[in-house]
Each structure stands twice: as structure tokens, then as C-alpha cells.
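Overview (structure and organization)
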Amino acid sequence: CCKSVLCRSGFISNTAHRTALGKNRSTRSLDRNIIWGDFPLADVHSKEIRSYNMSHIHGKNTKPEELVRKYLFSHGFRYRKNVAKLPGKPDIVLSKYKAAIFVNGCFWHGHTGCAYFVWPKTNSDFWKQKISGNIIRDKKNYDLLTSLGWRVFTVWECELRPRIREQTLWGLVQSITANTEPSK
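A brief report on the enclosed structure follows.

Thresholds applied
Residues numbered from 1 in each chain as written. Predicted model: local features only at pLDDT ≥ 70, side-chain atom pairs only at ≥ 80, totals over all residues. Heavy atoms only, no water. Pairing = 2+ DSSP bridges. Helix = DSSP H or I, 4+ residues; strand = E, 2+ residues; numbered from the N terminus. Expected span 1.5 Å × (residues − 1). Buried < 20%, exposed > 50% of the residue type's maximum accessible area, 1.4 Å probe, protein only. Arc of directions from axis to C-beta. Contact = heavy atoms within 4.5 Å. Right-handed = clockwise from strand over helix to strand, strands pointing away. Axes fitted to C-alpha atoms, helices over the stretch in contact; angles between N-to-C directions. Parallel < 35°, antiparallel > 145°, perpendicular 65-115°, else oblique. Left-handed = near helix turned anticlockwise from the far one by under 90°. Nonpolar A, V, L, I, M, F, W, Y, C, P; charged D, E, K, R; others polar. Phe/Tyr/Trp six-rings, centres within 6.5 Å; stacked < 30°, edge-to-face > 60°. Lys NZ or Arg CZ within 6 Å of the ring centre and 35° of its normal.

A look at the sheet that holds strand 5 (residues 99-104)
The four strands are arranged 3-4-5-6 in an open sheet whose pairing can be described as mixed. A single partner strand is all that each edge strand has here, and the edge strands are strand 3 (80-81) and strand 6 (151-156). Where strand 3 meets strand 4 (residues 92-94), two bridges bridge the pair, whose relative direction is antiparallel. Paired with Arg-80 across the strands is Val-93, a residue of strand 4.

Following this line, the structure appears as C-alpha cells:
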């Protein structure tokens with residue numbers, strides 16, 4: 001098997017590793033480069049392994065979503081997850097308060113002014129198109145929800161960092177309950 005840290009630490013199973021690689025292929029390839037700051041680094045995975053790893057990154061039930069859901073539940077809110085009947089399939093829906101909450105990753109949704117969002121330097125045309133498309137789609141979905149009478153809240157991944165998490169989530173609770181009578 002390969003000498004990659006990912007494989008040795010068990011993040012990827014041996015069966016999946018062999019399936020993605022083929023029997024005798026190495027995961028190391030120095031001809032593909034990743035840029036880290038100003039320094040090019042070799043990707044430690046073959047194209048097949050990188051593709052396999054990326055295919056297992058999902059867009060729901062993420063750690064930030066889980067943090068928000070647990071906080072809301074602990075404060076007495078009951079919700080639905082990923083409601084497909086609403087535009088944009090909000091991460092958390094509080095029907096009682098007619099509130100839709102999106103928990104967005106700073107990179108994937110292009111959080112402007114965020115220290116954690118940086119435009120990628122490699123394959124930049126692809127990423128600009130991808131992230132700009134996400135921003136446009138998000139705006140359209142927020143507008144649709146608002147026109148349907150829903151209040152839309154966005155919680156950014158960077159706002160859930162440990163030092164400001166409590167403040168962010170408390171502000172969210174205050175915003176949800178402000179000037180609203182819960183519907184029955």
C-alpha cells in the first residue's frame with residue numbers, strides 16, 4: 001500500500017483504497033502540484049484517490065449545522081432539516097416561527113470580508129464560476145423565501161468559531177424570536 005498519512009491513519013479504508021487505486025498503483029505523484037501560499041507542494045494522492053475523497057464530502061449534516069441544531073434544540077426550538085419543499089432546501093426550518101436558516105461554509109458560499117475565504121489561485125476560472133454561481137443561487141433562494149413570507153437567516157461557518165460561537169447563536173435565537181408571535 002502507499003505511504004500516505006491519510007491511509008496510515010485509517011481515514012480511508014484499505015478496500016476503498018485498493019478499489020480507487022487499482023492493485024499496484026502508488027498514491028504519490030509529484031507531477032500534480034498544490035499551491036500552499038507561495039510554495040508548490042505535491043499532492044500526496046493520485047487523481048483517483050483525490051476524486052474518491054472529494055466524492056465523500058457531503059452538503060448536509062455538517063459539523064457547523066450540527067452545532068446550530070444542538071444549540072436551538074437545547075433552547076426549546078423544534079425544527080425540520082433540509083426541507084425540500086422550500087426554495088434552496090434550507091438547512092434548518094422553524095415552521096412555528098416561519099424562519100429558514102442556512103448554515104453556509106465561507107469558502108463554498110463566498111463569504112465576502114471573511115479571513116477564511118480566499119479565491120483559489122489554481123484553476124481560478126473554474127472556482128470563480130462555481131462560487132459566483134453559488135452566491136447568485138443563494139440570493140435567488142433567499143429572495144424567493146422572503147417573497148413567500150419566510151424570514152431567512154444565514155449563519156456563516158466562521159461565526160461558529162469557539163470564541164464567538166455563543167454570541168452568534170444567542171443572536172440567532174434573539175433574531176428568530178424578535179417581533180414574532182409563534183404560529184400554531
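Let us keep going from here.
So, helix 6 (residues 165-177)
Helix length check: helix 6 (13 residues) gives 19 Å between terminal C-alpha atoms against 18 Å at 1.5 Å per residue, within 8%. Looking only at helix 6, the buried set comprises Thr-168, Leu-169, Leu-172, Val-173 and Ile-176. Buried residues in helix 6, looked at end-on, bunch into an arc of 135°, giving them a common side. Away from the buried face of helix 6 by more than 90 degrees, exposed residues Glu-166 and Gln-167 are located. Against helix 4 (63-74), strand 4, strand 5 and strand 6 lie the buried residues of helix 6. After helix 6 finishes, the residue Asn-179 shows a positive phi value of roughly 55°.

Points about the pairing of strand 5
Successive side chains on a regular strand alternate, one facing one side of the sheet and the next facing the other. Counting buried positions over the six residues of strand 5 gives six, a clear majority of the element. Burial along strand 5 is two-sided: Ala-99, Ile-101 and Val-103 and Ala-100, Phe-102 and Asn-104, pointing in opposite directions, are all buried. Hairpin connection between strand 4 and strand 5: a loop of four residues separates the two successive antiparallel strands, and Lys-98 in this loop has a positive phi of roughly 50°. With six bridges connecting them, strand 5 and strand 6 associate as parallel partners. In the sheet register, Phe-102 faces strand 6, and the bridge partner there is Thr-154. For the crossover that starts at strand 5, traverses helix 5 (residues 124-147) and ends in the parallel strand 6, the hand is right-handed.

What about the packing of helix 4 against helix 6?
It is the contact of helix 4 with helix 6, at a shortest axis distance of 11 Å, that shows an interaxial angle of 60°. In terms of axis orientation, helix 4 runs oblique to helix 6. The interaxial crossing formed by helix 4 with helix 6 has right-handed handedness. Side by side, helix 4 and helix 6 meet where Leu-67, Val-68, Tyr-71 and Leu-72 of the first sit next to Arg-165, Glu-166, Leu-169, Trp-170, Leu-172, Val-173 and Ile-176 of the second. The class makeup of the residues in the contact of helix 4 with helix 6 is nine nonpolar, no polar and two charged.

Looking at the packing of aromatic side chains
Applying the stated criterion across every chain, the model contains eight aromatic pairs. Taken together through their ring pairs, the aromatic side chains of Phe-107, Trp-108, Phe-117, Trp-119, Phe-126 and Trp-127 make up a single cluster. One cation-aromatic arrangement involves Arg-78 over Phe-73; the distance from NZ or CZ to the ring centre is 3.7 Å. If you follow Lys-128 out to its NZ or CZ, it ends over the ring of Trp-119, 4.3 Å from the centre.

So, the environment of Tyr-116
Positionally, Tyr-116 belongs in the loop between strand 5 and helix 5. Tyr-116 sits in the partly exposed class, given a relative accessible area of 44%. Once residues lying within four places of it in the same chain are set aside, the contact partners of Tyr-116 are Cys-158 and Arg-161.

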